[in-house]
Amino acid sequence: MNTTLSNISDALLAVPYQLNIWFGSFLWMAGNLGCIGNVIVFRSPAFRKRAYAVYLVLEAISDFSYFNFVLAERILQEGFQLPLVTRYDAICKLRQFLTDWSNQVSFSFFAFATTDRLLSTQRANKYRQWSNRADLALKICLICAFVWLSVFGHRLILYSATKGACIPLPGFYAYFDAYNEIFFKAICPPIVMIGLAHLLIRSVRDVIQRKVGPSDSKLPAIVACRSAIDQIDSRLTLMLILQSIIALITYIPFATQLMYSNITQYCPKSTLRNAQESVFAELTHLL
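Residues numbered from 1 in each chain as written. Predicted model: local features only at pLDDT ≥ 70, side-chain atom pairs only at ≥ 80, totals over all residues. Heavy atoms only, no water.

K.L.:
Go over the pairing of strand β1 (residues 159-162), please, and point to the residues and values.
P.N.:
Judged from the four bridges that link them, β1 and strand β2 (residues 165-168) form a sheet pairing that is antiparallel. Paired with S160 across the two strands is I167, which belongs to β2. Adjacent in sequence and paired antiparallel, β1 and β2 are bridged by two residues, among which K163 carries a positive phi angle near 55°. (Pairing = 2+ DSSP bridges. Helix = DSSP H or I, 4+ residues; strand = E, 2+ residues; numbered from the N terminus.)

Structure follows, in structure tokens:
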């Protein structure tokens, strides 16, 4: 029985390495292609002056930096066992900072793009006037990047590569950093995504109902003709709704794992349980 458990544990211990090498490499390639594609599309003349294009281009740039530093380093460190973060202090600090900063900046830009589409579907002009303002979108993005820098900038100072690990300053700061990450990366994003997705779906339904003629009309109900850019906007709205759903599917397991690991970090665990939790942790972090 012990031999069987040992073999299972050994097999499970090898899974995180394979996940990071194969699944991580797939995400890295697909992510870079997606980022480049988004920049090309949303920098085209048809989109250049649209506010949501500003948000989505800058989101793609933020994701590009995330894929090519945070994820690439994760593949090398956790998959190929190259001790970059745990050996070099500068890489440790920058990696821990970008892990949260670029992730939150990207998520915020996506949320702003969704909000812009939400405002554009409102009946009241006082709300619609705040949508599709590219100059305002650029200012919001710059402020957002600075705000998240002030929230996570402490990682550039208070993290260090010590004793073969990239860890925060022990004591109060370690607890503060852990629960700060839980709040901003595990709790807030799913709540925001659920709210925005719900509002966007409801607004789209309202727009569809307004475009359909009255039921008591002698003429058959018709849908108003839309310009090409209106059709593109509708497809973009659908894209944002689908991306919101995908974000929820990936954020909730990550949030669960992050909170669970912090709550149970001092609990005694068997080798098998540690191996199982390691596999789940690697999968949720990659997602």
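Picking up after the structure, the text goes on.
K.L.:
Mind laying out the packing of aromatic side chains, listing which residues take part and the relevant values?
P.N.:
Enumeration over the complete set of coordinates arrives at 12 aromatic pairs. Taking 5.3 Å as the distance between ring centres and 70° as the angle between the ring planes, the aromatic pair formed by F42 and F47 counts as edge-to-face. As far as the burial class goes, F42 and F47 line up, both buried. Aromatic side chains F97 and W101 sit 5.7 Å apart centroid to centroid with 20° between the ring planes, which places their arrangement in the stacked category. With F97 and W101 both in helix α3 (residues 89-120) and four residues apart, this pair spans about one turn of that helix. As far as the burial class goes, F97 and W101 line up, both buried. Each residue in the set W148, F152, F183 and F184 is aromatic and connected to the rest through ring pairs, giving one cluster. (Phe/Tyr/Trp six-rings, centres within 6.5 Å; stacked < 30°, edge-to-face > 60°. Buried < 20%, exposed > 50% of the residue type's maximum accessible area, 1.4 Å probe, protein only.)

K.L.:
Can you tell me about the UniProt feature "transmembrane region" (unreviewed entry) in the protein chain, naming the residues and giving the values?
P.N.:
Under the UniProt annotation, the feature "transmembrane region" (unreviewed entry) is placed at residues 20-42, 136-162, 182-201 and 236-260. For residues 20-42, helix accounts for 100% and strand for 0%, while the C-alpha atoms at its two ends are 31 Å apart. (UniProt positions renumbered as here; feature names shortened; annotations may be inferred.)

K.L.:
Requested: an account of the pattern of salt bridges, with residues and values cited.
P.N.:
Within the structure shown, the criterion is met by 10 salt bridges. Note that D100 is salt-bridged to K185, the shortest N-O span being 3.1 Å. Taken together, the positions of D100 in helix α3 and K185 in helix α7 (residues 172-211) put the pair 85 residues apart, joining distant regions of the chain. Among the salt bridges present, the one from R117 reaches D116, with a minimum N-O distance of 3.0 Å. A residue is classified by how much of its surface remains accessible, and R117, at 3% relative accessible area, is buried. Here D116 falls in the buried class, since its relative accessible area comes to 4%. One network of salt bridges, with partners in common, ties together D100, R155, D177, E181 and K185. (Salt bridge = Lys/Arg side-chain N within 4 Å of Asp/Glu carboxyl O.)

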